[in-house]
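For reference, the chains in residue letters:
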Amino acid sequence: NAGVTQTPKFQVLKTGQSMTLQCAQDMNHEYMSWYRQDPGMGLRLIHYSVGAGITDQGEVPNGYNVSRSTTEDFPLRLLSAAPSQTSVYFCASSPTSGSHNEQFFGPGTRLTVL
Amino acid sequence: GENVEQHPSTLSVQEGDSAVIKCTYSDSASNYFPWYKQELGKGPQLIIDIRSNVGEKKDQRIAVTLNKTAKHFSLHITETQPEDSAVYFCAACKVNKFYFGSGTKLNVKP
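What counts and what doesn't
- The written sequence of each chain sets the order in which its residues are numbered from 1.
- The lettering of chains begins at A and the numbering of ligands begins at 1, in the order of writing.
- The predicted nature of this model means local features are confined to residues of pLDDT at least 70 and side-chain atom pairs, given and counted, to a pLDDT of 80 or more, with totals for whole chains, interfaces and linings taken over all residues.
- Calculation of side-chain values draws on the structure's entire complement of heavy atoms; hydrogens and water are dropped beforehand.
- Numbering of helices and strands runs from the N terminus; a helix is a DSSP stretch of H or I covering at least four residues, while a strand is a stretch of E covering at least two.
- Note on method: radius of gyration uses C-alpha positions; expected globular size equals 2.2 Å times residues raised to 0.38.
- Relative accessibility thresholds used throughout: buried, under 20% of the residue-type maximum; exposed, over 50%; partly exposed, between the two (1.4 Å probe, protein chains only).
- Should any heavy atoms of two residues lie within 4.5 Å, those residues are counted as being in contact.
- The Shrake-Rupley method, run with a 1.4 Å probe sphere, supplies the accessible areas, and residue values consider only the shown protein chains as cover.
- Each reported salt bridge corresponds to a side-chain nitrogen of Lys or Arg within 4 Å of a carboxyl oxygen of Asp or Glu.
- What we call a nonpolar core is a set of buried Ala, Val, Leu, Ile, Met, Phe, Trp, Tyr and Cys residues that are connected through their side-chain atoms within 4.5 Å.
- Between any two strands, at least two bridges found by DSSP are needed for them to pair.
- All axes here are fitted lines through C-alpha atoms, helices being fitted over the stretch that makes contact, and every angle between N-to-C directions spans 0 to 180 degrees.
- For any pair of parts, buried area is found by adding up, for both, the accessible area (1.4 Å probe) each one loses once the two are put together.
- Identification of polar contacts relies on pairs of N or O atoms within 3.5 Å, with a donor-acceptor requirement for protein atoms, meaning one able to donate a hydrogen and the other able to accept it, and with residues adjacent in sequence counted only if both atoms are side-chain atoms.
- Each residue carries a pLDDT score, the predictor's confidence in it, ranging from 0 to 100.

(A) Region of the structure containing the overall build of chain B. Counting its regular elements, chain B contains 0 helices and 11 strands. Listing each helix as α and each strand as β along chain B from the N terminus yields β-β-β-β-β-β-β-β-β-β-β. The C-alpha atoms of chain B give a radius of gyration of 13 Å, which matches the 13 Å a tight globule of 110 residues would have. Dimensions along the principal axes, computed over C-alpha positions, put chain B at roughly 40 × 30 × 20 Å. For chain B, with 110 residues in total, the buried portion stands at 47%. Taking the contacts inside chain B whose residues are at least 6 apart along the sequence as the reference set, 53% of them involve residues at least 24 apart. For chain B, the exposed area adds up to about 5,400 Å²; of that, 46% sits on carbon and sulfur atoms.

Written out as structure tokens, the structure reads:
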């Protein structure tokens, strides 16, 4: 298994541009999530999904959209990038929804918005 | 929501010593408390977790304790080794949402 994969590894955008961060897992996990990691602030939950067709907001959802059309993929969309969205983004998955499940994290995407 | 506070932000110990990292949480509905280790340039990796119906859990050199009444939980690493050097995060989970502490950078000096 490849586990959780994320593309791209690095990205530079100009303010106002849009882009999609890709996340895929090959473990047939129900639960998938997106986090952003900023210096000194730990990881903050952006959006999550408990299964195909079901998504919900996390702690910091503004400026981001998600969809979950398949079990494997959970893309994160930035419709109009802002400098405040400069961060490292991590995707994670776990076997089922609910608590008590280990989350497996991808390697991250480092995004810079100029 | 939930507020998770983690201390200290940095911790330096001598190889072989013990290290303790402490976290507090605010919402009594949180019922799962994982700890993650993050090495430079990588995603976090689960090292140990504890559920709200358990007070202590141990896995070799790593242990976690939970005090539900006081709403705090701690990570204990014994016999530290240089490869334990990393950033450690605590988290609290309720109803599919994970809330992370701000991280502790652990430096184990040989």
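Structure's up, so let's keep going.
(B) Region of interest: the pattern of salt bridges. Residues and elements named next belong to chain B. Evaluated as defined, the whole model comprises 7 salt bridges over all chains. Here K42 and E39 are joined by a salt bridge, their closest N and O atoms 3.7 Å apart. Looking at K42, the relative accessible area reads 48%, which means it is partly exposed. Taking relative accessible area as the criterion, E39 reaches 34% and is therefore assigned partly exposed. Between R61 and D84 there is a salt bridge, with the nearest N and O atoms lying 2.9 Å from each other.

(C) Seen up close, the nonpolar core. Ranked by internal contacts, the top residues of the largest apolar core, which has 24 residues, are B:W35, B:F73, B:L75 and B:L106. Those elements that provide at least two residues to this core are β2 (10-14), β3 (19-24), β4 (32-38), β5 (45-51), β7 (62-67), β8 (72-77), β9 (86-94) and β11 (104-109) of chain B. When residues in this core are grouped by element, the largest group, 4 residues, is from β9(B). With residues up to four places along the chain from it excluded, the contact list for B:F73 reads B:I21, B:K22, B:C23, B:Y25, B:F33, B:W35, B:T65, B:L66, B:C90 and B:A91. Counting residues in hydrophobic clusters, the runner-up holds 18 residues, among them A:L21, A:I46, A:Y64 and A:V66.

(D) Just the sheet that holds strand β1 (residues 4-7) of chain A, in detail. All names here are of chain A. Read across the sheet, 4 strands follow the order β1-β3-β8-β7 without closing on themselves; strand pairing throughout is antiparallel. A strand with exactly one partner marks an edge of an open sheet, and here the two such strands are β1 and β7 (64-66). Neighbouring strand axes in the sheet, compared pairwise and without regard to direction, differ in orientation by 20° on average.

(E) Quick look at the interface of chain A and chain B. With 23 residues of chain A at the interface, the matching set in chain B holds 21 residues. Around 1,800 Å² of area is buried between chain A and chain B when both sides are counted, 54% of it from carbon and sulfur atoms. Scanning the region where chain A abuts chain B turns up 0 salt bridges. Joining chain A to chain B, the criterion identifies 3 residue pairs in polar contact (both at pLDDT 80 or more). Elements that contribute at least two residues to the side of chain A that touches chain B include exactly β4 (31-37) and β5 (43-51) of chain A. Tallying contributions element by element places β5(A) first for the side of chain A that touches chain B, with 4 residues.

(F) Spatial organisation of the confidence of the model for chain A. In this model, chain A carries an average pLDDT of 94, and 97% of its residues clear a pLDDT of 70 or more. Here strand β10 (residues 104-105) of chain A is the element of chain A with the lowest mean pLDDT, 95, and strand β3 (residues 19-25) of chain A is the one with the highest, 98.

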